[in-house]
Every structure is written in structure tokens, then in C-alpha cells.
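So you can see what is in the structure, the chains are spelled out below.
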Amino acid sequence: MSGIITNDSVYQTDALIAEDIDAYLDVHQHKTMLRFITCGSVDDGKSTLIGRLLYDSKMIFEDQLAALEADSKRVGTQGQEIDFALLVDGLAAEREQGITIDVAYRFFATEKRKFIVADTPGHEQYTRNMVTGASTADLAVILIDARKGILTQTRRHSYLAHLIGIRNIVLAVNKMDLVDYDQAVFDKIVADYTEFANSIGITAFTPMPISGFKGDNITGPSENTPWYTGPALIEHLETVEVNSAVDADKPFRMPVQWVNRPNLDFRGFSGLIATGTVKPGDAIRVLPSGKTSTVSRIVTMDGDLDQAVAGQSVTLCFADEIDCSRGDVIALADNPPQAADQFEATIVWMADEEMLPSRSYWLKIGTQMVTATIQQPKYQVNVNTMEHLAAKTLDLNAIGVANLSTDKQIVFEPYAQNRTLGGFILIDKISNATVAAGMLHFSLRRAQNVHWQATDVSREFHAGLKNQKPAVLWFTGLSGAGKSTIANLVEKKLARMNRHTFLLDGDNVRHGLNKDLGFTDADRVENIRRVGEVAKLMTDAGLIVITAFISPFRSERDMVRQMMQPGEFIEVHIDTPLADAEARDVKGLYKKARSGELKNFTGIDSPYETPLDPEIRVDTVAMTAEEAADAIVARLIP
Ligand code: ADP
């Protein structure tokens, strides 16, 4: 029977290893690799199934075996000799020892293919782990206990697998031995699943009646299910089309990882081909610039190639000297992807801290890294019922759909067409932690229709008329620290020196522009974003802007800093200990906050993130307001 591992073929493999290790390694190296995930809980028999796959394929990689030995201390024999029950115990023990919180990757191989199986924990609180494991997978095995049928978690796992773009789904109806291999049980589950699958857009899947424990329909057809004529699990895993084969048929795209220029005679662009094929002589276009040229060479460590396909890492040389750098995308000249800076996307939130609309995060897509801000979600998805719920933000493991905008155009394709150019992660700018994974749906049409209008009277002209250099003096500190008092003095002193200034005060702005905002973290972020934009317009008008806002978060202060021209943003930390600010309590607010009458008060029940490296730090305990103002003016106008 083709495609089935019999004991004979395993024996032949062993013989080949013994006889000619080089030939064996060569065969092994050129096998295709299938990545898949298994979804289901321990009770569904996941460990048993994985144990069965490893056991029946008889080719557990050495490091895998070593890890198992170290963990269980009981699986002490050679790969070929492992006792099945002990192997499963070892896997289960590994799980219990806390691996449940992570994705465990296991390797095995058969005559035809190499496999990486990502074993992801099943509970809802591990949604992020499942998404991580699934993001590179070609296939998902959705495990069902034949006695229980479709469960909430079956729906959740199927939804996530489909969302993440896995197009090969195996519905493994397990524990068939416990229902007497009854075809009616299997057919009912398949019918139920078909109805559900269609409702979420899964158009095809491969159902299989199996027993991980007894080994039915794992390596070959089982005598216990004569009514089943489909493939056995390993047979299917060995023959199903892998993503790289599908990707090879798509238009050519390669994100540039680095520019390879060892000397003046050689200039190549290195990267991993995301989709398509490329040959010398092909007309290409570099995006987002749109510059075109022709591929002159495809260089690899093993010499030049006549052709390269999706999944290969290569260095491309062009016939012309055109600009191309890290983050650019090289594509077919007559069929390039788009570039845009506003999108709709699905976002899977993976951090303990909730998503803050308007906060800026790093967005990494392919080799491009830009700054992105997310709007309030349009809705959140209940992953158990697929219902759409209203949401203001996204918490850990939440999945939602939102619009987002980036500070630069990014070259992209919808995730459904291209995982590399449509899949992204969001990174917190302060902690550098990955906080979300996302999938771009499409660019917003307004992104194409709203263009920056070039005006004739430039910001330099505005500043020149006023005979000054624009700047933003960004005061930050606790309530009652002295921001307004000192900012007011600074503005008076500058006005006396004939400087054109404008003071933006927190309380005043909240009466007008920002009167729709409160004091939740999300509103504070939006408050500062708007003030930043206003301050930026004022510097364009040539003004020296002074702002007096608590601005408690580093992230937003840094965001405003990035919005300004280099050197124009001057962070002034009005550094007053909480005890002193509270003792002053000019507006009686601390008293209200302490009594619980006022919620979300900075320093009491809302955090203040002290500036790490402000341009100016004012100690109001050691200095009077007058002295502080003089010091600030002296720093601005030496
Ligand atoms: P903020 O704008 O930071 O909320 P305010 O300027 O409204 O703070 O209030 C600060 C209070 O502290 C004022 O009443 C001010 O007179 C008093 N104060 C005492 N010492 C100082 C100092 N060295 N610098 C600034 N303000 C001071």
C-alpha cells in the first residue's frame, strides 16, 4: 500500500542508516517538511495520539528522545525500542510539569516527510499559545472524543485554526474503539461538524475514524473500520500539500532582510521568498518606491540558481543600481502588492495589559517595522459562540476587529492571500514584549483618497517670520506638582523676550477639544495624542509650544517626541514627591481621591511613569517656581 509505513520500510531505513549515513542524510534533507498542530484537551487523547505518531514513525529525533528521557526518567531505551505506554506517560508527564503554558514542538519523520507537530494546550486561557503554534502550521488535527462529539472547544479550535489561515483540517474522531467502531457515531459527528464548519467558512476538511490508543487508521487501514475508505492519518500527513507548495504558485514577493554588499562590485538583496518563483531575467519592482529593474543573478551559498521558489532564502542581484533596503518588498513588476497606511485587521491580544486604542505600538510585518495605532475595536468575537460583541478594548486572549493606521506606508497583501505580507505582530515600545498578533483584511479606501497637501508657505518660512526656532516644552508631573505655575511663568518670560508662544494647559483643553474624554487609561492616551497633534501643528506655524499635562505614560510622551522634528521636543519633568503635591492639594483633588470620591487619580489609583531621561528635571522642593522658570528659559535660549 503506497504511503503507509510498514515495518519493512522502517527496517529499510535502519539499514540505510547503517550502510550509508551520507546517502541517508541526503534523502532526509530533501524531504518536504509538514508543520501541523493538534487541538484538543488531554482527555481527548492528544498525548496518546502524538505518542502514537512518534511511536509508529519510529524515528524520533535524538534531541526529542533526550528531552523525553530527562523528563520522565523512565523512557531509557533506544528510539526503536521505546515502549508505547511509557512514551505516552512521558509526554503526559511533560505536560503536567507546566508545559501546558507553552507550545511544545515535537519532531518526527517518516520515509516520505519530516514533521513538526506543535502541541498546543487546549483551554481558552491558552488561546495565544494556540495562535502562536498555528501561525506557521500547514495543517490542524482537530481531535474529537467519539463518545462526546462536537464540544465548545472543538468550535473554538476550528475557528482559530481557520482564522490563522490553516486550510487543511483533519477531523480526527478518536477513541472509536470505545464506541465499538460504530459508523453511525462517526457519521453523526461528521454531519454535525460539517454544519458548524460551513457556518464559519471552512469549506473542506478530512474526517477520519481513529484510535490513538489502539492504532486504528494511524499508519494504515484498520480492519475494525471496513466502512472507512479514506486515508490513514500518517498517510494523509505524508501526502497533503504543504504551504510552501501552494505559495510557490502565487505571484512573486520577497521581503528584503538585508542588503548584501561585501565590496563595490557586488550588491545583492537577501531574504526569504514569501510566495512565487523568480528567475534571472524576470522584471521586478521594488516597493514601496515602485522602482523597476531585472533580476540578473540568484545567488546562494551553493552557487547561482536558475530559479528560486517560495520558502527559499536567496540573494537577488539586479541589472540596474536602484534603491532597495531592508523592509522593502521585491515583487513581480506587472503584479505588485499595494502599499497603504490604514487598514482593517483582526487582532489577537496576547498581553496581560489590555490594548489601549490610540497608543502607539511597533508593528512588524515581514521585514518592515513601523509605528501603528489601533482604533477602538469594531467588535470582539466570542471564541466559543462566534458571536460579535461590542468592545472598548481587548484583554488577554481576546480577538477583535479594528481599524489601525501606521506612520509609514507598508507593503501588504490581505492575510488570506499571503501570510507573510498580511500577518503582523504588535510590540510594546517600552517593554519590547509582543502584545498581539494580527491579520490584515484590506486597506481603507480613505487611505488612498486622503493625501498630504503640499502648501507653499513652509514651516521654515513661518518660523523665519517669527525669527525663532519652534519647540515644544512638554511639562509632565503629578497633579499639583507645579506644571501650570511654572509653565505660566516660562511663557511670560519668553513673551518679554519677544518670542511667539502658546500655552496648552490640561484643564483648559479638557473644556473644549477634549471635553469628550475622561480619565481611564484609554482616554488619557487619546487626550495626549490629540494634544500632541495640536502641538505639532503649532510648531509647523513656527510657535514655541508649552504644554502642561500630567501625561502619565512614557509611551505617549515618547509618541509625541517621535511626532516632532529632531531636537524640537523638550521633556520637562516637574519632579515633586507625591507627599508634597498632596500636601499642597491646590484643587482639593487629592482629598477627594483619598476618600474614593474621585476615581483614576494619578499617583493614588492610576499610575505615573517617571520620565527616564528628560531634557530638563525640576526639583520643586529645592527650587522656587521663579528659579525653575529661569532655568528652563536658559536651557531653551542659551
Ligand atoms: P499642576 O499644574 O502640576 O497640577 P499647579 O501649578 O496647578 O500644579 O499647582 C502647583 C501648586 O504648588 C501651586 O499652588 C504653587 O504655588 C505651589 N508651589 C509651591 N512650590 C512650588 C514650586 N517650587 N514650583 C511650582 N509650584 C509650587
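Look above for the structure.
Report on the accompanying structure. (Residues numbered from 1 in each chain as written. Predicted model: local features only at pLDDT ≥ 70, side-chain atom pairs only at ≥ 80, totals over all residues. Heavy atoms only, no water.)

Quick word on the pairing of strand β25 (residues 471-476)
Within a regular strand, side chains alternate between the sheet's two faces.
Next, step 1: With respect to burial, β25 is a largely interior element, 6 of its 6 residues being buried.
Next, step 2: Burial along β25 is two-sided: Ala-471, Leu-473 and Phe-475 and Val-472, Trp-474 and Thr-476, pointing in opposite directions, are all buried.
Next, step 3: Where β25 and strand β27 (residues 544-548) come together, 5 bridges link them in parallel fashion. Each residue of the ladder has a partner; that of Phe-475, found in β27, is Ala-548.
Next, step 4: Where β25 and strand β28 (residues 569-575) come together, 5 bridges link them in parallel fashion. Paired with Trp-474 across the strands is Glu-571, a residue of β28. (Buried < 20%, exposed > 50% of the residue type's maximum accessible area, 1.4 Å probe, protein only. Helix = DSSP H or I, 4+ residues; strand = E, 2+ residues; numbered from the N terminus. Pairing = 2+ DSSP bridges.)

What to know about the sheet that holds β25
Next, step 1: What the 5 strands build is an open sheet, ordered β26-β27-β25-β28-β29; its pairing is parallel. Because the sheet does not close on itself, it has two edges, and the strands there are β26 (501-505) and β29 (616-619). Across this sheet, the average inter-strand angle for adjacent strands is 15 degrees, counted without regard to direction.
Next, step 2: Each of β25, β26, β27, β28 and β29 is contacted by helix α14 (residues 483-496), which is oriented at about 165 degrees to β27, the strand it contacts most. (Axes fitted to C-alpha atoms, helices over the stretch in contact; angles between N-to-C directions. Contact = heavy atoms within 4.5 Å.)

Some details on the side chain of Lys-483
Next, step 1: Position of Lys-483 relative to the elements: it lies in helix α14.
Next, step 2: At a separation of 2.7 Å, a polar atom in the side chain of Lys-483 contacts the main-chain carbonyl oxygen of Leu-478.
Next, step 3: In this structure Lys-483 touches Phe-475, Thr-476, Gly-477, Leu-478, Ala-548, Phe-549, Ile-550 and Ile-574, once residues within four positions along its chain are discounted. (Polar contact = N/O pair within 3.5 Å; in protein donor to acceptor, adjacent residues only side chain to side chain.)

Points about the site of the ligand
Next, step 1: Around the ligand, 16 residues are found, and the nearest of them are Gly-480, Lys-483, Ser-484, Thr-485 and Met-623.
Next, step 2: One of the side-chain N or O atoms of Thr-485 is found 2.5 Å from an oxygen atom in the ligand.
Next, step 3: One nitrogen or oxygen atom from the main chain of Met-623 is found 2.8 Å from a nitrogen atom belonging to the ligand.
Next, step 4: Here the shell around the ligand takes 4 residues from α14, the largest share from any one element.
Next, step 5: Grouping the amino acids of the shell around the ligand by side-chain chemistry returns 6 nonpolar, 7 polar and 3 charged. (Near = heavy atom within 4 Å. Nonpolar A, V, L, I, M, F, W, Y, C, P; charged D, E, K, R; others polar.)

Thoughts on the nonpolar core
Next, step 1: Judged by nonpolar contacts, the single largest core of 42 residues is most densely connected at Ile-37, Tyr-159, Ile-166, Leu-171 and Tyr-193.
Next, step 2: Secondary-structure elements contributing two or more residues to this core are β1 (32-39), α6 (127-134), β4 (139-145), α7 (152-163), β5 (168-174), α8 (183-199) and β24 (434-443).
Next, step 3: When sequence neighbours within four positions are dropped, the list of residues in contact with Tyr-159 reads Ile-200, Val-381, Val-383, Met-386 and Ile-399.
Next, step 4: Of all hydrophobic cores here, the second largest spans 27 residues; its members include Leu-356, Leu-404, Ile-410 and Phe-412. (Core = buried A, V, L, I, M, F, W, Y, C linked by side-chain atoms within 4.5 Å.)

A short note on the packing of aromatic side chains
Next, step 1: Here the structure, examined in full by the defined rule, presents 13 aromatic pairs.
Next, step 2: Considering the side-chain rings of Phe-108 and Phe-115, the 4.8 Å spacing of their centres and the 20 degrees angle between planes classify their relative orientation as stacked.
Next, step 3: Ring plane angle 85 degrees and centroid distance 5.0 Å describe the contact between Tyr-590 and Phe-601, whose orientation is recorded as edge-to-face. On the criterion of sequence distance, the pair formed by Tyr-590 in helix α19 (residues 589-594) and Phe-601 in the loop between α19 and β29 is long-range, its members being 11 residues apart.
Next, step 4: Taking the relative accessible area as the measure of exposure, Phe-601 reaches 8% and is therefore buried.
Next, step 5: Above the plane of the ring of Trp-362 lies Lys-429, whose end atom (NZ or CZ) is 4.2 Å from the centre.
Next, step 6: The aromatic ring of Phe-519 is capped on one face by Arg-510, whose charged end is 3.9 Å from the ring centroid. (Phe/Tyr/Trp six-rings, centres within 6.5 Å; stacked < 30°, edge-to-face > 60°. Lys NZ or Arg CZ within 6 Å of the ring centre and 35° of its normal.)

Brief notes about the pairing of strand β23 (residues 423-427)
Next, step 1: Taking burial as the measure, the 5 residues of β23 include 4 buried ones, the bulk of the element.
Next, step 2: Across 4 bridges, the pairing between strand β18 (residues 360-365) and β23 is antiparallel. When the sheet's bridge partners are listed, Leu-363 is paired in β23 with Leu-426.
Next, step 3: Here β23 hands over to β24 after 6 residues, with Asn-432 in that stretch at a positive phi of 65 degrees.

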